[in-house]
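# An overview of the molecular structure
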Amino acid sequence: MPDNRQILAGSERMAPRDMQSTGRVTGDDPITISVYLRPNEDGSLAAGPVHSRATLRQLRKEAQAENIAAVTAFAIQAGLEIVETDATQRLIKLRGPASVLEAAFGTELHQYERDGVSYRGREGTLSLPGELASAVLAVLGLDTTPIATPKFVPHRGTNLPHGFLPTEVAAVYGLGNWKATDQCIGIIELGGGYTDADNQAAFQAMGLAVPDIVAIGVDGASNNPVDASGANGEVALDIQVAGGVAPGAKIAVYFAPNTNQGFVDAISQAVHDETNRPSVLSISWGGPESGWTGQGIAAMSAAFRDAAMLGVTVTAASGDSLATDGVSDGKAHVDYPASDPLVLGCGGTHLTATAGKRRGETVWKSNGGGTGGGVSALFPKPDYQASAEVPASSTSKGGRGVPDVAGDADPDSGYRIVTGGQTGLIGGTSAVAPLWAGIIAGLNARRSAPVGTIQTALYGTPSACHDVTNGDNRSGSVGYEAARGWDPCTGLGSPNGQQLEKLFGVTVQPPVAVAYPLAGSLFRIIGLDSSAVLISVGSIYRIRASVADGEPDATKVEYGAGYLFTQETIARLLDRIGPAERFIELTSRSGTAVYLNAAAIVSVRAALPQNAPGTEIVVAGQYQHVVETVDQVAALLR
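First things first, this report covers the structure right here in the doc. (Residues numbered from 1 in each chain as written. Predicted model: local features only at pLDDT ≥ 70, side-chain atom pairs only at ≥ 80, totals over all residues. Heavy atoms only, no water.)

## A short note on the pattern of salt bridges
How we decide: Take a side-chain nitrogen of Lys or Arg and a carboxyl oxygen of Asp or Glu: if they are within 4 Å of each other, that pair is a salt bridge. Comment: elements are numbered from the N terminus, with helices defined as DSSP H or I runs of at least four residues and strands as E runs of at least two.
Applying the stated criterion to the full structure yields 22 salt bridges. The residue Arg57 makes a salt bridge to Glu274 at a minimum N-O spacing of 2.7 Å. With a gap of 217 residues between them, Arg57 in helix α2 (residues 53-63) and Glu274 in the loop between α8 (260-271) and β15 (280-283) connect regions that are remote in the sequence. In the salt-bridge network here, residues are joined through shared partners; they are Glu568, Arg572, Asp575 and Arg576.

## Concerning the packing of aromatic side chains
Cut-off, in case you're wondering: Note on aromatic contacts: the rings of Phe and Tyr and the six-membered ring of Trp form a pair at centre separations within 6.5 Å, being stacked when their planes are under 30 degrees apart, edge-to-face when over 60 apart, and tilted otherwise. Summary of the burial criterion: residues with accessible area below 20% of their type's maximum are buried, those above 50% are exposed, and those between are partly exposed, where the area comes from a 1.4 Å probe applied to protein chains only.
Across all of its chains, the model carries 7 aromatic pairs by this definition. Residues Phe263 and Trp292 carry aromatic rings whose centres are separated by 5.9 Å and whose planes lie at 40° to one another, so their mutual orientation is tilted. Residue Phe263 is located in helix α8, and its partner Trp292 is located in the loop between β16 (285-288) and α9 (294-309); the two are separated by 29 residues in the primary sequence. Judged on exposure class, the residue Phe263 and its partner Trp292 are both buried. Ring geometry for Tyr563 against Phe565: centres 5.7 Å apart, planes inclined by 80°, an arrangement best described as edge-to-face. By way of ring pairs, the aromatic residues Phe263, Trp292, Tyr336 and Phe379 are connected into one cluster.

## Here we look at the environment of Cys346
Positionally, Cys346 belongs in strand β19 (residues 344-354). On a C-alpha basis, the gap between Cys346 and Ile82 in space is 39 Å, while along the polypeptide they are 264 residues apart.

## With respect to the nonpolar core
Formally: Among the buried residues, those of types Ala, Val, Leu, Ile, Met, Phe, Trp, Tyr and Cys that are joined through side-chain atoms within 4.5 Å form a nonpolar core. Every residue pair with non-hydrogen atoms within 4.5 Å of one another is taken to be in contact.
Counting residues in hydrophobic clusters, the biggest one holds 70 residues, and the most contacted among them are Ile185, Ile239, Leu435, Trp436, Ile439 and Leu458. Per-element tally for this core: the top contributor is helix α10 (residues 432-444), with 8 residues. Setting aside anything within four residues of it in sequence, one finds Trp436 in contact with Thr315, Leu344, Cys346, Val405, Ala406, Cys465, Gly493, Ser494, Pro495 and Leu500. Listed in part, the 43 residues of the second largest apolar core include Phe263, Leu281, Ala303 and Tyr336.

Remember that the coordinates give geometry; whether it matters functionally is a separate question.
Take a look at the structure:
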């Protein structure tokens, strides 16, 4: 290595395991790589969430200008083509012949083969000119060996249990009437695909409309339900669980190659997607920490840091191979990316329910598999786990306990999923990542701001989860026992819908009777069935013409924890109410008039980017989006 070159930190890797080398890569083979730049924002950006992709884009454009110029100059001098430059993602894509890339990064590329499939790989380190060492975080794409496995487990027994529809699991956990309108759930897939026919059959079985599902290709991959990866069950599980738990949410599926480059590129693209704007990402793929390069983890972790800045929650499966995570060295291992402190690691349980009621849960361990969990060897114990009794790490730098939460994952109590036209029972911690992603979307739909990185809140209020205290995830003598409080099998436990709503400030029914005591005389309104209803004037918080599909052509009066329809006009109602309560007239996004009780308004703020333009008002625990600006609303309230 010339004196002016430096080794790229974290780039060292061993030759691919269990593969046969078949010689050098042909020198003129075209290769496209992803060069990720180091984050170099000032403290104000790194200190907390930005909650605006547009803001981050502008800040990154300025902050990364010098690094982009340096890498671009190096690439041109080396004879490489600049394919794409994205300052927001800190990403520069380069393309060139294999021989030129080998010279540029100081390596040799070889072909490897396993089961008749050929991969490109390398061993050793990469190097860069010294002046770029502080600018470049990772160089990905020279190696194409698989980096991750899906964490789904089909039921293999001859006696198929009944299992649960995803909507039934949601109901058992107290999530049955949640909606996720105006939210988008991002799902990362490294193989497989879905069909419209399977989605139609699955959501019809759940009594739901098929959600808006979009497929986004990354690095040449696409929705491909006829590929040879065997991952269609994973894709079906992710979509059907997420959509079943969060009705009304849009689902964006990011398909990428199963490589280090593909995995990181997919997550980075999803986090910064300004078209679909996912508020939560679900990841059901991963691999043991020991199988990753340092630069691969650094690049992915930087993408999770971006997600945290934008208020995007990330959920990931903790693995299905018990405490060893499938590594045969007789030691405990955890799965990445579930072990990243910025990711909500999701473990698995066996769920028992009767007549839709939760009866109990134990640690998932059956038929040689079970929930992953343990202690990271790479990430230190985060502050939010300060009070958790996390076992000692095998390394001095480790300490982060995995998982954070859990949910139904045992194939014996699994999910009825449609794939390939057939309904089967599927489990695995793959189901728990989209389960929690759906929960996050449901919470976000009823909040003025996304919940974002939720670990601190969850660890601070463990009652938001059902504690799972029975079972273990041992593989032989290696593993852990469940215990009261957090443990390395199921984390804090499975979701408790009612407590999660309390924790994150949302309720299924508006608590009007508590927040706004009934006042004044009872007000008589005649319903559409000609019966009279007596309502406290002070409890009426919204009056509008009915606009939803299926509603009668009438005036809708919302009060307390209910509503009624009447043929009485809005003008007549307001005239009869008189000065007892002050209602302000606003315009909904559909262009219709809506009248809000000024005394019941809790907050007024500019609409989030996905709902812009306009203003978001919380009135008696309900959201109302209007076209007026914040200043215009404020003027009406004076």
